[in-house]
Each structure stands twice: as structure tokens, then as C-alpha cells.
Amino acid sequence: MPGRLLVVATPIGNLGDLTPRAAEALRTADLVLAEDTRRTATLLRHVDADTPMQQHHLHNEARSTAATVTRLHEGQTVVLVCDAGTPLISDPGGRLVQAALAAGIEVSALPGPSAMLHALVVSGLQADRFAFEGFLPRKGTDRDERLREVADEVRTTIWFVAPHHAAEDLESLAQACGSDRSAALCRELTKLHEEVLRGTLGELLDAVREQSPRGELTLVLDGATPRDSAPPSDEDVAAAVQALVDDGVRARDAAGDVASAHGLRKNAVYETWLRSH
């Protein structure tokens, strides 16, 4: 009789968040597949489990997948975990799940912690519609294309941010979306020193440059204001900015208000107003 593959979510910082079902699965499985067996060993000790472990990561995923499917055909129960959170979410495991399903193996998931969802619910931003984006591509056309997409994305978006790339990524997002786009930067979620910085992208960029945060970071970014069916003309944009300026609003602040109202970039609106003079 075929075995079973269990995809098990593990704590993202606080071991107390491990569910009883997850603990039982770790103790009773025939094998635990882990990204880093040293980190998972701490978790197994926490639940008094002596279950054998093997590495399953991006560099050995093809070989590990084939060997695991063989074990599953032999009737074994295999637990898949990642270093923290829910496997497959910017972590390896998708290839194994697909292979197991193709081989007729039962695949189940034991829900639990997720940095993505934790950050979303504490961000203070809209949570009814959202998109998970993972990590921003590091360079090239992939990065440029993703930035163009998020600039127009009306849903809340959630990003993982490496601490050593935080300033660079926030600067790129601010340039693409406008420095006045609301966001929340979360670090050390569920841990003793959990911190959530809320503000505009420009404010978060200033904070990151000053503090150089460490630890895992998750960014929640407010969606763009939906565009009108017909974008306003340059003349209408300039006139809208001028009307606010005439009322005593600073030109750059007026440009930001008009940009937000029409789903435009603040700098582009400001330049359009300048050209009208």
C-alpha cells in the first residue's frame, strides 16, 4: 500500500507555535525531509522525536524527489518541512508534491505558521485581496518587469526581503510605485523582538538606511489606486495640480494627491505640471 507525503508547517521563530498535529507527525513519520537538518534537529528535539532526516533543498531536489517517491511507493510516511514556515512558499518542495501526485501518492498538508500571512494581518493594510510576490528579482529585465507590474497592482502585495538587500529593494519599489505608497516592514515575526514599521515607502527606506535591520524581513505593500477607464490628459493633470497649488498646497504634495487619485506616478505628475508653466 502506498505511503503518504505530509507537508508540515513549522514555527517561524517561536517553537510554541508548532501545532500538536505537526509534532505528532514529526514523531511518527518514517522520514523527515528538511532544508537544513541542523535547524530541523532543534525542532525534533523540542518534540522528543528521533525520526531520521535527509536534506531536501534546491541543489538536490531532483535526486531527493526520485528517492522519496520510491520510499512512498514502499508504504512509508514522509514529512516535508522547510527551515521556517510553510513549505513551497519561496521554499523547495513543489517538485516533490507534483511527483508524488503524479505517482498516485496521497499528499496532505498540516497548516501552521506563515510569515506571509502573519505580516499581512499585522500590517494594517487591506487583507481582502492580496498577492504574494516572494523575493524581488535581483537584476535585469526580470526585476524591471516585476517593478512595472507592482506599480499598477491594485491588490496588496507581500514580499520577502533579504536584510542585506532591504535598502536597495525599498528604493527600487519607491521609484516604481512612488515614495508615498503605504507599506509595512515586518521583522523577527513571532519572536521576542518582533517589530513592525508602518509608513510610506520613503519613510521605511529612511528607517532601513538608519537602522540596517537584521533578521528575516517581510514587506507588505499597499495596492495602487485603480486607474480610471480613460487616463486623464496631461492638461487635466496639470490643471488638477494647479488647482491644489492655488489653494495653498505645496506643488510636490499636490502632485502626490493627483497621482494617488488617478493611479499615476508622483514624479511624472509633477513633471507634467512643471512643463505646463
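Residues numbered from 1 in each chain as written. Predicted model: local features only at pLDDT ≥ 70, side-chain atom pairs only at ≥ 80, totals over all residues. Heavy atoms only, no water.

Describe the pattern of salt bridges, listing the residues and the values that go with them.
What the rule picks out here adds up to twelve salt bridges. Ionic pairing is found between glutamate 24 and arginine 27, a salt bridge with its closest N-O pair at 3.3 Å. Placement of both glutamate 24 and arginine 27 in helix 1 (residues 20-28) is noted, with a separation of three residues, approximately one turn of the helix. Since its relative accessible area comes to 41%, glutamate 24 is described here as partly exposed. Between arginine 209 and glutamate 171 there is a salt bridge whose closest N-O contact spans 3.6 Å. Of this pair, arginine 209 sits in helix 8 (residues 201-211) while glutamate 171 sits in helix 7 (residues 166-177), and the two are 38 residues apart along the sequence. (Salt bridge = Lys/Arg side-chain N within 4 Å of Asp/Glu carboxyl O. Helix = DSSP H or I, 4+ residues; strand = E, 2+ residues; numbered from the N terminus. Buried < 20%, exposed > 50% of the residue type's maximum accessible area, 1.4 Å probe, protein only.)

For the pairing of strand 2 (residues 31-34), give the residues involved together with the corresponding values.
One face of the sheet, then the other: side chains in a regular strand alternate in exactly this way. What you see with strand 2 is no split at all: Leu31 and Leu33 on one side and Val32 and Ala34 on the other are buried throughout. When strand 2 meets strand 4 (residues 77-80), the two strands line up parallel, connected through three bridges. The residue of strand 4 that forms the bridge with leucine 33 is leucine 80. Strand direction decides the pairing type here: strand 2 and strand 3 (residues 53-55), joined by three bridges, are parallel. (Pairing = 2+ DSSP bridges.)

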